[in-house]
Amino acid sequence: MKRIDPLVLQTAALVVAGLVVGASWWWGYQPAVRAYGRDRDQIALRQQEIATVNALVKPAGGEAAWLAQHQQLFASLKARFPEETQLPQLLNALVDALKAGELRVADVTQGNLEPVQDQETPLLIGGLPCRRLPVTVKAEGRYHAVLAALDRITSTAFPGVVGLEQVELRVKDAAAPTLDTTVQLFLYVVGSSTARSPDA
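A. Examining helix H4 (residues 143-154) more closely. Along its 12 residues, H4 runs 17 Å from first to last C-alpha, staying within 8% of the 16 Å computed at 1.5 Å per residue. Every buried residue of H4 is accounted for by Ala 145, Val 146, Ala 149, Leu 150 and Ile 153. The arc enclosing the buried residues of H4, seen along the axis, measures out at 135°, which places them on a common side. Where H4 is buried, its residues contact helix H3 (87-99), strand E6 (128-141), strand E7 (161-171) and strand E8 (179-190).

B. Local environment of the environment of Phe 158. For Phe 158, the location among the structural elements is in the loop between H4 and E7. Separated by 31 residues in the primary sequence, Phe 158 and Val 189 place their C-alpha atoms 13 Å from one another. For Phe 158, the residues in contact, after removing those within four places along its chain, are Arg 80, Leu 90, Ala 93, Leu 94, Ala 97, Arg 152, Ile 153 and Leu 187.

C. Structural view of the nonpolar core. Core analysis: the biggest nonpolar cluster contains 23 residues, and Leu 94, Leu 98, Val 135, Ile 153, Phe 158, Leu 185 and Leu 187 have the highest contact counts within it. Going through the elements one at a time, H3, E6, H4 and E8 are the ones with two or more residues in this core. No other element matches H3, which puts 7 residues into this core. Apart from the residues within four sequence positions on either side, Leu 185 is in contact with Leu 94, Leu 133, Pro 134, Val 135, Val 137, Ile 153, Val 162, Gly 163, Leu 164 and Glu 165. Core analysis: the second largest hydrophobic core is formed by 9 residues, Ile 125, Cys 130, Val 161 and Val 190 among them.

D. Looking closely at the pattern of salt bridges. The full count for this structure, using the stated rule, is 6 salt bridges. Between Glu 49 and Arg 46 there is a salt bridge whose closest N-O contact spans 3.1 Å. Within this pair, Glu 49 and its partner Arg 46 are both found in helix H1 (residues 6-57), separated by 3 residues, close to a single helical turn. Taking the relative accessible area as the measure of exposure, Glu 49 reaches 39% and is therefore partly exposed. As a salt-bridge pair, Arg 131 and Glu 84 come within 2.3 Å of each other at their nearest N and O atoms. Of the two residues, Arg 131 sits in strand E6 while Glu 84 sits in the loop between helix H2 (63-79) and H3, which places them 47 residues apart along the sequence. A cluster of three or more residues bridged by salt bridges with shared partners is formed by Arg 104, Glu 140 and Lys 172.

E. Expanded view of the side chain of Thr 182. Inspection of the secondary structure puts Thr 182 in strand E8. For Thr 182, a relative accessible area of 9% corresponds to the buried category. Separated by 3.4 Å, the side chains of Thr 182 and Arg 170 make a polar contact. Among all residues touching Thr 182, those that are not within four sequence positions of it are Thr 136, Val 137, Lys 138, Gln 166, Val 167, Glu 168 and Arg 170.

F. A look at the packing of H3 against H4. Orientation of H3 relative to H4, taken along the N-to-C sense of each, is 145°, at an axis distance of 8 Å. Viewed along their axes, H3 and H4 form a crossing whose handedness is right-handed. Listed contacts from H4 to Leu 94, Ala 97 and Leu 98 of H3 are Ala 149, Arg 152 and Ile 153. The residue inventory of the contact of H3 with H4, partitioned by class, reads 5 nonpolar, no polar and 1 charged.

G. Highlighting the environment of Leu 56. Mapped onto the elements of the fold, Leu 56 is located in helix H1. Through-space distance from the C-alpha of Leu 56 to that of Ile 153 is 31 Å; in sequence the pair is 97 residues apart.

H. Fine view of a nonpolar patch on the surface. Taken together, the side chains of Trp 25, Trp 26, Trp 27, Tyr 29 and Val 33 define a hydrophobic patch exposed on the protein surface, amounting to about 660 Å² of accessible area. Within the secondary structure layout, Trp 26 lies in helix H1. Since its relative accessible area comes to 57%, Trp 26 is described here as exposed.

Procedures and definitions
- Every chain's residues receive numbers from 1 upward, in the order its sequence appears when written.
- In keeping with the predicted nature of the model, local features appear solely for residues at pLDDT of at least 70, side-chain atom pairs appear and are counted solely at 80 or more, and the whole-chain, interface and lining totals rest on all residues.
- To obtain the side-chain values, all non-hydrogen atoms of the structure were used and water was disregarded.
- The helix and strand labels rest on DSSP assignments: H or I over at least four residues marks a helix, E over at least two residues marks a strand, and numbering proceeds from the N terminus.
- Here the expected length of a helix is defined as 1.5 Å per residue gap, with one fewer gap than residues.
- Summary of the burial criterion: residues with accessible area below 20% of their type's maximum are buried, those above 50% are exposed, and those between are partly exposed, where the area comes from a 1.4 Å probe applied to protein chains only.
- By definition, the arc is the one covered by directions from the helix axis to the C-beta atoms.
- Should any heavy atoms of two residues lie within 4.5 Å, those residues are considered in contact.
- For our purposes a nonpolar core is just a set of buried Ala, Val, Leu, Ile, Met, Phe, Trp, Tyr and Cys residues, chained together by side-chain atoms within 4.5 Å.
- Salt-bridge detection follows one rule: a side-chain nitrogen of Lys or Arg within 4 Å of a carboxyl oxygen of Asp or Glu.
- In protein, a polar contact means a hydrogen-donor-capable atom and an acceptor-capable atom, both N or O and within 3.5 Å, with residues adjacent in sequence counting only if both atoms are side-chain atoms; elsewhere, any N or O pair within 3.5 Å suffices.
- Fitting a line to C-alpha atoms yields each axis, with helices limited to the stretch in contact; the angle taken between N-to-C directions then spans 0 to 180 degrees.
- Take the far helix as the reference: if the near one is turned anticlockwise from it by less than a right angle, the crossing is left-handed, and if turned clockwise, right-handed.
- Following the grouping adopted for this structure description, the nonpolar residues are Ala, Val, Leu, Ile, Met, Phe, Trp, Tyr, Cys and Pro, the charged ones are Asp, Glu, Lys and Arg, and the polar ones are all others, Gly among them.
- Each patch is built from salt-bridge-free residues with over 30% relative accessible area, joining like charges within 9 Å and nonpolar side chains (Val, Leu, Ile, Met, Phe, Trp, Tyr) within 5 Å.
- Here the accessible surface of atoms and residues is derived via Shrake-Rupley with a 1.4 Å probe, and residues count as covered only by protein chains that are part of the display.

Encoded structure:
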């Protein structure tokens with residue numbers, strides 16, 4: 001049997017060792033370094049978020065005082081969202097609020113009730129799904145009457161939450177200060193409490 005030259009064996013061992021080192025560098029060390037960098041960035045981001053929260057909580061008198069104050073605020077906001085079974089009353093309140101001033105309402109049309117999504121996840125308010133009803137209002141009146149009507153339907157005195165999508169104002173007659181107005185808005189409601197899911 002012919003003996004293999006030790007120099008060839010050593011060279012082959014060096015080549016194999018180099019390949020192993022290169023492979024471990026490429027498939028082992030590099031991903032570990034990237035993961036470490038991502039983790040370090042996440043830690044820095046979380047520390048910044050904690051510092052922001054602490055800056056909010058400390059002036060309010062600490063965590064317990066801040067939570068109590070914001071629980072009251074959340075409860076009052078949650079109370080402003082009527083259940084979807086109250087949509088007819090909410091629509092009547094909307095029309096009444098618009099007509100309460102000098103604005104003449106010509107037409108009110110509604111679309112279909114649709115779920116509100118937050119990054120492709122249904123938005124829940126107090127454990128109930130939030131929905132919105134698109135409404136289009138056509139009216140005419142002076143500029144200050146339009147502003148007053150919009151103020152009435154978006155104020156906290158209005159028995160619901162209204163989101164203004166678009167307001168179009170067109171001069172009806174160059175000689176008169178009357179405007180044709182089209183308002184696209186959303187009325188926000190929550191699902192009925194009787195339909196609450198068991199895990200909510």
